[in-house]
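As a plain string of letters, each chain reads:
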Amino acid sequence: MSVFRKKSIDKIVKDANAGLSDGHSSSGLKKVLGVRDLTFMGIAAVVGAGIFSTIGTAAYHGGPGISLLFVITAITCGFSALCYAEFASRVPIAGSAYTYAYVTFGELVAWIIGWALILEYAIGNIVVAISWSGYFVNLLEGFHIHLPGWLSTNFEQAQQGYDEALQHLAAGGTPETFSKIARIGYDAITNAPMIGGWRVILNTPALLIVVLITALVYRGIKESKKTTNAMVIFKIIVIIFVIILGSFYVDTSNWTPFMPNGFTGVLAGVSAVFYAYIGFDAISTTAEECKNPQRDLPKGMIYSLLICTVLYILIALVLTGMVNYSLLKVDDPLAFVFEKIGMHKIGYLISISAVVATTSVLLVFQLGQPRIWMSMSRDGLLPKKFSTVHPKFGTPSFATIITGIFVGIPSLFMSISRMTDLTSIGTLFAFVLVCFGVLILPKLSPELKKQAFHLPYINGQFIIPILAIIFIYFGQGRIQSAFSSMGNEGYQEFLYLIFVFVLIIVAIISFIRKYSVIPIVGAMCCMYLMIEIPPVSWLWFFIWMTIGLIMYSVYGRRNSLLAKEQ
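Residues numbered from 1 in each chain as written. Predicted model: local features only at pLDDT ≥ 70, side-chain atom pairs only at ≥ 80, totals over all residues. Heavy atoms only, no water.

## So, the overall build of the chain
So, step 1. When its secondary structure is counted, the chain shows 25 helices and two strands.
So, step 2. Long-range pairs, those at least 24 residues apart, make up 84% of the contacts in the chain between residues at least 6 apart in sequence.
So, step 3. Carbon and sulfur atoms form 67% of the exposed surface of the chain, whose accessible area is close to 23,300 Å². (Helix = DSSP H or I, 4+ residues; strand = E, 2+ residues; numbered from the N terminus. Contact = heavy atoms within 4.5 Å. Areas by Shrake-Rupley, 256 points an atom, 1.4 Å probe, with all protein chains shown as cover.)

The structure is reproduced here in structure tokens:
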């Protein structure tokens, strides 16, 4: 069928070696990235809001056992990263999972993945921009600089703070004893200017950082690289300092119980944790700007993943050791634990580092999004304007500007709630297809085999079925419960039953076709993490996918370059 037409890997590699961008035109992108730069970009994207913010909520649910979740997530991402690495070394052009799906599953699946990646990067960037705003406002307040509440938050957050302030006043409190959220919310609601009966409440710091980062990304990859490297070095130094200093204040009794809410509590932090691990996906979008993508991309992905996993595990243990896990449901857990033991100056240092860390995350994500759009535009699935490369700066200029608008405007108004779940669904969905896609890649030619990274083959004929049987054995209680309560329970257990069904099918096919263990385990681990995300986020994901399919049928299918070549 025409919607499943595929790109030729051999043609892509031949064109890339000839200096062409996937056979369409000379790309104009500058090849300046090496292994160190790619590793730093991965760290920049992974060590950000997760380690400075959402790790607190995850620890609140999972206790010290959250460190196990980082191990599980790292292993899951590790399998996916290995699959990404093979694709990146064999398909050395921009586009990430979108392009990988195009050469394996065909055009329709590629469009679906590309559309999911747009959601991942756009929502992810908005979340990071809003997080940055929160850290920046906190940092200013540490130096006794107070922005007006209506210019430093969004309406939903302001309303929550205002309601908390009213409850505090009703209980006999005073404005002087308001919490930070209550003070900003109360100030915003009571002092916001009115336009046509609407209060004007805008998160201006979030918009400001998006504009600045977009301008930097527009200016060039070399400038972005230097800025990213500098910020990564600074925040790693701060994190290592926090780990070493915090270890002296660890009370091991806080590690008991290790999993206060059981393994279910640990898994409750999946979205918050996994959201932090999607950096290596962004690395793969820069393939055309790598000096040697076949060699350097796989190394950059694996190195960044290993370094970040070690840092996350150590931070989780230090945080839950310094204070009881039940106190960590705060927006700034690292600063909070040091303020709790009276070390307020360390809190200021962490606030500065948090601002730098989230800036670097936004920078890498803002690099990734335009390159996805650029690749889809080259293939005719989006208007040609999105593939415009600036003649001087060598960046996808129009796509970069649209990305800035796409992220900056919503960050003025939107709240973070549910956004990390949506980002995680889009990312995991891409990971699942990349892992499965490796299984149907064509065999390497002798010339490419020498330079391309490829997964070690581990025969899964018996291993995969055995793992499936073990999983079903230990999950039989949940399976029985899901069947018995299907009529009066939410969709979560229905998703679980779908996963079990898919697992059985995959185990049977693996037994017949002797599939390799690594991609199968990677795909199934990602799929399992997907079902742990709340059903309401799935609803929004399906709505987004429906809009995407309508756009493909109206524009993409008719304007596809592959369609015109046939």
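## Here we look at the nonpolar core
So, step 1. Grouped together as the largest cluster of nonpolar side chains are 158 residues, with contacts concentrated most on Phe 52 and Ile 315.
So, step 2. It is helix α6 (residues 107–142) that provides the largest number of residues to this core, a total of 20 residues.
So, step 3. Ranked by size, the runner-up nonpolar core spans five residues in total, among them Ala 158, Ala 188, Ile 189 and Ile 201. (Core = buried A, V, L, I, M, F, W, Y, C linked by side-chain atoms within 4.5 Å. Buried < 20%, exposed > 50% of the residue type's maximum accessible area, 1.4 Å probe, protein only.)

## Overview of a positive patch on the surface
So, step 1. A contiguous patch of positive charge on the surface is contributed by Lys 30, Lys 222, Lys 226 and Lys 392.
So, step 2. One can find Lys 226 in helix α10 (residues 221–247). (Patch = residues over 30% accessible without salt bridge, like charges linked within 9 Å, V, L, I, M, F, W, Y side chains within 5 Å. Salt bridge = Lys/Arg side-chain N within 4 Å of Asp/Glu carboxyl O. Lys, Arg positive; Asp, Glu negative; His and termini not counted. Charge placed at Lys NZ, Arg CZ, Asp CG, Glu CD.)

## Thoughts on the packing of helix α9 (residues 204–219) against helix α17 (residues 397–413)
So, step 1. With their axes 8 Å apart at the nearest point, α9 and α17 run at an angle of 170 degrees to one another. Taken together, the axis directions place α9 and α17 in an arrangement best described as roughly antiparallel. Note on element contacts: α17 touches α9 through Ser 397, Thr 400, Ile 401, Gly 404, Val 407, Gly 408, Ile 409, Ser 411 and Leu 412, opposite Thr 204, Ala 206, Leu 207, Val 210, Thr 214, Val 217 and Tyr 218.
So, step 2. Split into classes, the residues belonging to the contact of α9 with α17 amount to nine nonpolar, seven polar and no charged. (Axes fitted to C-alpha atoms, helices over the stretch in contact; angles between N-to-C directions. Parallel < 35°, antiparallel > 145°, perpendicular 65-115°, else oblique. Nonpolar A, V, L, I, M, F, W, Y, C, P; charged D, E, K, R; others polar.)

## Considerations on the packing of α10 against helix α16 (residues 344–378)
So, step 1. Where α10 meets α16, the axes come as close as 9 Å, and the angle between the chain directions of the two elements is 145 degrees. Here α10 runs over α16; the crossing is left-handed.
So, step 2. Each residue belonging to the contact of α10 with α16 can be placed in one class, and the counts come to 17 nonpolar, six polar and two charged. (Left-handed = near helix turned anticlockwise from the far one by under 90°.)

## Remarks on unusual backbone geometry
So, step 1. A cis geometry characterises the amide bond from Thr 256 onward to Pro 257, with omega recorded as 0 degrees.
So, step 2. Backbone geometry at Lys 514 places phi at a positive 55 degrees, although glycine is not the residue there.
So, step 3. Along the polypeptide, Lys 514 turns up in the loop between α22 (491–513) and α23 (517–531).

## Quick look at the pattern of salt bridges
So, step 1. In this structure the tally under the stated criterion is one salt bridge.
So, step 2. In this structure, the salt-bridge partner of Glu 107 is Arg 5, at a minimum N-O distance of 2.9 Å. Pair noted here: Glu 107 is in helix α6 and Arg 5 is in the segment before α1 (9–17), with a separation of 102 residues, a long-range link. For the pair Glu 107 and Arg 5, a shared accessibility class is recorded, and that class is buried.

## Considerations on the packing of aromatic side chains
So, step 1. Taken as a whole and judged by the stated rule, the model has 24 aromatic pairs.
So, step 2. Judged by centre distance (6.1 Å) and plane angle (55 degrees), the rings of Phe 541 and Phe 542 are tilted.
So, step 3. Phe 541 sits in the buried class, given a relative accessible area of 3%.
So, step 4. Ring-pair connections join several aromatic residues into one group, and the members of that group are Trp 111, Trp 115, Trp 544 and Tyr 552.
So, step 5. Seen from the ring of Tyr 496, Arg 478 lies directly overhead, with NZ or CZ sitting 4.0 Å from the centre. (Phe/Tyr/Trp six-rings, centres within 6.5 Å; stacked < 30°, edge-to-face > 60°. Lys NZ or Arg CZ within 6 Å of the ring centre and 35° of its normal.)

## Digging into the state of the cysteines
So, step 1. All chains considered together, the criterion is met by zero disulfides.
So, step 2. Among the cysteines around Cys 83, which has no disulfide bond, Cys 435 carries the closest sulfur, lying 3.8 Å off.
So, step 3. In this structure Cys 83 comes out as buried when scored by relative accessible area, which is 0%.
So, step 4. Overall, Cys 435 belongs to the buried group, its relative accessible area being 0%. (Disulfide = S-S within 2.5 Å.)

## Here's the deal with helix α15 (residues 333–340)
Since the α-helix turns once every 3.6 residues, residues separated by three or four places project in the same direction.
So, step 1. In terms of residue burial, α15 counts as a mostly covered element, since six of its eight residues are buried.
So, step 2. Among the residues of α15, those classed as buried are Pro 333, Leu 334, Ala 335, Phe 336, Val 337 and Phe 338.
So, step 3. Downstream of α15 by a residue or two, Gly 342 has a phi angle that is positive, lying close to 85 degrees.

## Some remarks on the side chain of Glu 107
So, step 1. Assessed through its relative accessible area of 0%, Glu 107 is described here as buried.
So, step 2. A distance of 2.9 Å separates the side chain of Glu 107 from the side chain of Arg 5, its partner in a polar contact.
So, step 3. Within the local environment of Glu 107, its side chain forms a polar contact with the side chain of Tyr 552, the two groups lying 2.7 Å apart. (Polar contact = N/O pair within 3.5 Å; in protein donor to acceptor, adjacent residues only side chain to side chain.)

## Topic: the confidence of the model for the chain
So, step 1. Summarising the model, the chain shows a mean pLDDT of 81, and 89% of its residues fall at 70 or more.
So, step 2. Within the chain, no element has a lower average pLDDT than helix α19 (residues 446–451), which sits at 61, and none a higher one than helix α20 (residues 463–474), at 93.
So, step 3. A low-confidence stretch, residues 21–27 stays under pLDDT 50, and its non-local contacts, those more than four residues away or across chains, total 21 contacts. (pLDDT = per-residue confidence, 0-100.)

## A few points about the environment of Tyr 555
So, step 1. By secondary structure assignment, the location of Tyr 555 is in helix α24 (residues 535–559).
So, step 2. Relative accessible area serves as the criterion here: at 31%, Tyr 555 is assigned to the partly exposed category.

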